[in-house]
Amino acid sequence: MTEPGSTEDFRQQVRDFFRSNLPDGWRGYGALPEEERKAFCADWREIMRRERYLVPTWPEEYGGGGLGLAEQAVIQEELVRHGLPTIPHPSDLFAFVLIGPTLLHWGTPEQKAHFIPKMISGEHRWAQGYSEPGAGSDLFSLTTRGVLEEGEWVVNGQKVWQTDGQYANWIFALVRTEPEASRGNGISMLLLPVDQPGIEVRTIRSMTGKEELSEFFFTDARTAAENIIGPRGAGAKVALTLLGFERGSASGATYAGYRIELDRLIELVKERGLAQDQVVRQRLAWCHCRLEMLKYLGMRTLDSALSGEPPGPESSITKLYESEYHAVVTELAMDVLGMDGLVLSGAPGIASLGPDPLGAPNSPAAWINQFMTSRAATIYGGSSQIQRNTLGEQVLGLPREPRPDAEKPGTTTEKAVSR
Amino acid sequence: MKFGLDHDQVQFSGQVRKFLAVHMPIERVREWTEAGIGCPPDVWQRMTQELGLGAIGFPESVGGTGDRLLDQIVVAAELGRALDPSPYFPSIVVVARTVLEADPESDWVSELLEGRTTASPAMLDPADPTMPKPDGAWAVREGAGWRITGERAYVPQGSFVDSFLVLAGSDAGPTLLRVDRDAVGVSVADLPTLDLTRPVAHLRLSDAPAQVVGEPGGGLSPAYAALNRALVLMAADLSGGARAVLEMTTAYAQTRRQFDRPIGSFQSVKHMLADVLLELEAARSAFLYAAPVLDGGSEEAKVLGHLCQAVASEAYLRATKTAIQVHGAIGFTWEHDLHLYFKRATSGAQVLASPQFHRERIAAALLDT
């Protein structure tokens, strides 16, 4: 475990590095015009990669920083505070947070040596292939199937709700490879190159009006036999392993991002002459309390992770807490805007996952975008209802909801559903 | 920064819980409070002298274990869990701390911590009982001593303590004074309270003799310093109660069967309990974070008491309301313990001012600067 003192030294080092690489008068990438923003993020990605700050905890041999969780937490928090992107390219989220850590845990040395450096270089851009039209919350009822034929997996089916999937050239997908096994036991995690005749990607326009989602159609899509993570049939377990390692390291950054947003809202309240409105004051103070508690929950999670303690209830709680908070705070912003919240005026918003970065406009258009995107946060990554099931069952120990078919052992109902 | 309780604190927490299970089990709490006798003095003696509860979290200079709020939080959380009807909160949390802040040399502090005497804060004006104010009581000098006339509302444990710490107006300004319950001119009217575990009384002072505590005119600042800590400790008390209720209700939902299945398997019930857990863990994080910050005395500390109290009281209310709903009709009975927690949650959300009041203080810090 890192000493607190050395973390503070490291923080100063990170700040110095950021400042020496930023132009004078830097106000955050949210303040850049849209055209410049993309170019800036690409350049910044390169600066971070060269300093090995892009994925701080990944092993040095693959181009990572070889640093600890505490240092990663510091880097991410400082990025947000400086108005710098933690995810410089949209596809990086899926590489750095999801498939990368999974590969590092489950992958063979050859897989790691092949894929990890390409995630860092940005040569491979990843999409997540979990949900299907018929498998959302009930993920392990998925029906996309894969068959091993002549040294290749041949995959047929459909995946959906890939955020920014149109930028991806690889997809990690949960695929049913063992049709005779029951539900979760018949699934494998496969990696497929996207640029092939067997895969068609279509974008989906979300309620924000942006083409920010996509769906993947697999028609005899192919990938090499070795592009499987973990053993055959272990895909459910592999997918659920994502948990552990990164636990809590993003919490400081998450808080900092929402704090920037709430401070922006406080400015909006003042600008609009509502600072003495008793209802607004109560609601704003409520949001402040929730947000500060998000910080404390995050500190608890990171602290227990750094102490090597097993995950406590706080790590399961954060997702539910954070997404529900964001829905409420953006609703308050809409009420503060009143009629002005009906017109997409001012500079547009920036983020589609989480709050807008430092420097972003405090405009009706930006708040309307956040108001809409916060609707998705209580659904993606396990809906609030699924999170409550998890808390109820895994933390409190309440019994599972009985399945109609589970009461008759030995029946094949589940498999029939899977097909 | 290490977050949360350390090994010693966790261990001490277990000791306190065991002690209270023996000396303050819920059946006794019921008997005492229903009989209107409060916490028997011999139990309070054991708590303070045998276990040394009073000294926890106070500076060594007054015989304490060290000036650490987190240590005291451990005590408050266990007492809240046990539905503590003792003078701990008024006598130790509020009076001893206020006196310590006002006059560090006063012997009264160690007497209170050791349980040799008990006291209650009488600081609320009947006309506006939201926060401590000198209004509604007036003190004048008389020779070497003082005399007070006035009224104080909602004096906790008023009938069961030896003396009162009164915040009164005076020519010098708001002043803290000690008034003995048995003194002439002191009348204490016990009030029938919703929450039997937090009895309150109405205090009338008619030219009652008093001794000044600290500097005349210097009463507000010590009272508020103690109060900020009291808010965090009350949050711990409330969270302790909420935890007990959540455990009790989870166990019930695991075993109570309807429609051939445990009711806890129904998502409608499960999700209610998950939400209680969420609120409780968040509230717990708040006071665990707040304690060292208050010890450090930074600017941030000023709103943390308000934050802790606002969130913990709402978490406890949610826990008890959910618990009654999940238990069904049995939870509405006098015989079942739930109403004791429900009433304590209700009183806990008002006794140091309401969540709305605290949110307004937070709003002022956010918006009026």
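Residues numbered from 1 in each chain as written. Chains lettered and ligands numbered in written order. Predicted model: local features only at pLDDT ≥ 70, side-chain atom pairs only at ≥ 80, totals over all residues. Heavy atoms only, no water.

**Q** Break down the overall build of chain A for me, citing the residues and quoting the values.
**A** Tallying secondary structure elements over chain A gives 12 helices and eight strands in all. What you see for chain A is a C-alpha radius of gyration of 22 Å, in line with the 22 Å of a compact globule of 419 residues. For chain A, the spread of C-alpha atoms along the principal axes amounts to about 65 × 50 × 45 Å. In chain A, which comprises 419 residues, the proportion classed as buried is 56%. Across chain A, the fraction of contacts at a sequence separation of at least 24, relative to all contacts at a separation of at least 6, is 71%. In the form shown here, chain A has an accessible surface area of approximately 18,100 Å², with 53% of it arising from carbon and sulfur atoms. Here chain A holds 42 positive side-chain charges and 55 negative ones, and the gap between their average locations is 3 Å. (Helix = DSSP H or I, 4+ residues; strand = E, 2+ residues; numbered from the N terminus. Rg over C-alpha atoms; globule rule 2.2 N^0.38 Å. Buried < 20%, exposed > 50% of the residue type's maximum accessible area, 1.4 Å probe, protein only. Contact = heavy atoms within 4.5 Å. Areas by Shrake-Rupley, 256 points an atom, 1.4 Å probe, with all protein chains shown as cover. Lys, Arg positive; Asp, Glu negative; His and termini not counted. Charge placed at Lys NZ, Arg CZ, Asp CG, Glu CD.)

**Q** Describe unusual backbone geometry, listing the residues and the values that go with them.
**A** Residues and elements named next belong to chain B. At Leu83, a residue that is not glycine, the phi angle is positive and equals roughly 60°. Within the secondary structure layout, Leu83 lies in the loop between helix H4 (69–81) and helix H5 (88–102). Its identity is not glycine, yet Asp207 carries a phi of approximately 55°, on the positive side. Residue class for Asp207 comes out partly exposed when judged on its relative accessible area of 42%.

**Q** I'd love a proper account of the domain arrangement of chain B, names of residues and values included.
**A** How big an interface is tends to be reported as the loss of accessible area on association of its parts. Residues and elements named next belong to chain B. As assigned here, chain B comprises domain 1 (7–118), domain 2 (121–218) and domain 3 (221–368). Taking only C-alpha atoms, the centre of domain 1 and the centre of domain 3 are 21 Å apart. For the pair domain 1 and domain 3, the two sides together bury roughly 2,300 Å², of which 67% comes from carbon and sulfur. Summed over the three residues of domain 1 that lose the most area to domain 3, namely Arg30, Leu69 and Arg81, the buried surface amounts to 29% of that side. Taken together, the connections running from domain 1 to domain 3 amount to three salt bridges. Residues Asp337 and Arg30 are paired through a salt bridge, measuring 2.9 Å at the closest nitrogen-oxygen approach. Applying the counting rule to domain 1 against domain 3 returns eight residue pairs in polar contact (both at pLDDT 80 or more). If you list the elements that add at least two residues to the side of domain 1 that touches domain 3, you get helix H2 (26–35), H4 and H5. For the side of domain 1 that touches domain 3, the element with the most residues is H4, which contributes nine residues. Residues belonging to the side of domain 1 that touches domain 3 are distributed by class as follows: 12 nonpolar, four polar and eight charged. (Domains from an automatic or database assignment. Buried area = accessible area lost by both parts, 1.4 Å probe. Salt bridge = Lys/Arg side-chain N within 4 Å of Asp/Glu carboxyl O. Polar contact = N/O pair within 3.5 Å; in protein donor to acceptor, adjacent residues only side chain to side chain. Nonpolar A, V, L, I, M, F, W, Y, C, P; charged D, E, K, R; others polar.)

**Q** Lay out the interface of chain A and chain B with the relevant residues and their values.
**A** Chain A puts 44 residues into the contact, and the matching count from chain B is 44 residues. Carbon and sulfur atoms supply 64% of the area buried between chain A and chain B, which totals about 3,800 Å² over both sides. For the pair chain A and chain B, the interface holds eight salt bridges. The interface formed by chain A and chain B contains 19 residue pairs in polar contact (both at pLDDT 80 or more). At the level of elements, helix H7 (251–271), helix H8 (278–306), helix H9 (313–337) and helix H11 (384–395) of chain A are the ones that each hand at least two residues to the side of chain A that touches chain B. Counting residues per element, the side of chain A that touches chain B draws most heavily on H8 of chain A, which supplies 17 residues. Of the residues contributing to the side of chain A that touches chain B, the split by class is 22 nonpolar, nine polar and 13 charged.

**Q** Tell me about the nonpolar core, residues and numbers included.
**A** Membership of the largest hydrophobic core comes to 140 residues, with the highest contact counts inside it found for Leu265 and Leu284 of chain A together with Met24, Met47 and Ile73 of chain B. A total of 17 residues in this core trace back to one element, the largest contributor, which is helix H8 (residues 267–296) of chain B. Once residues lying within four places of it in the same chain are set aside, the contact partners of Leu284 of chain A are Leu262, Leu265, Ile266, Val269 and Leu332 of chain A together with Leu366 and Leu367 of chain B. (Core = buried A, V, L, I, M, F, W, Y, C linked by side-chain atoms within 4.5 Å.)

**Q** Tell me what's going on with the environment of Asp190 of chain B, and back it up with residues and numbers.
**A** All names here are of chain B. When you line up the elements, Asp190 lands in strand E6 (residues 186–190). It is 29 Å that separates the C-alpha atoms of Asp190 and Phe19, two residues lying 171 residues apart in sequence. In this structure Asp190 touches Ser159, Val200 and Ala201, once residues within four positions along its chain are discounted.

**Q** Mind laying out the confidence of the model for chain B, listing which residues take part and the relevant values?
**A** Mean pLDDT over chain B stands at 96; residues scoring 70 or higher make up 100%. In the predicted assembly, ipTM is 0.94 and pTM is 0.94. (pLDDT = per-residue confidence, 0-100.)

**Q** Break down the environment of Arg344 of chain B for me, with residues and values.
**A** All names here are of chain B. By secondary structure assignment, the location of Arg344 is in helix H10 (residues 338–348). Sequence-wise, Arg344 and Leu83 are 261 residues apart; in three dimensions their C-alpha atoms are separated by 7.6 Å. If we ignore the near neighbours within four places in the chain, the residues touching Arg344 are Leu79, Gly80, Leu83, Asp84, Asp195, Thr197, Arg198, Asp237, Leu238 and Tyr316.

**Q** An account of the packing of aromatic side chains is needed here, citing residue identities and associated values.
**A** Enumeration according to the criterion identifies 17 aromatic pairs over all chains in this entry. Considering the side-chain rings of Phe115 of chain A and Trp126 of chain A, the 5.8 Å spacing of their centres and the 65° angle between planes classify their relative orientation as edge-to-face. Within this pair, whereas Phe115 of chain A is found in helix H5 (residues 109–121), its partner Trp126 of chain A is found in strand E1 (residues 126–129), the two being separated by 11 residues in sequence. Phe115 of chain A gets classed as buried once you look at its relative accessible area, which sits at 1%. Among the aromatic residues, ring-to-ring pairing joins Phe10, Phe17, Phe18, Trp26, Phe40, Trp44 and Tyr53 of chain A into one connected group. It is Arg97 of chain B that lies over the ring of Phe58 of chain B; its NZ or CZ is 5.3 Å from the centre. In this structure, Arg261 of chain B is placed above the aromatic ring of Phe266 of chain B, and the distance from its NZ or CZ to the ring centre is 3.7 Å. (Phe/Tyr/Trp six-rings, centres within 6.5 Å; stacked < 30°, edge-to-face > 60°. Lys NZ or Arg CZ within 6 Å of the ring centre and 35° of its normal.)

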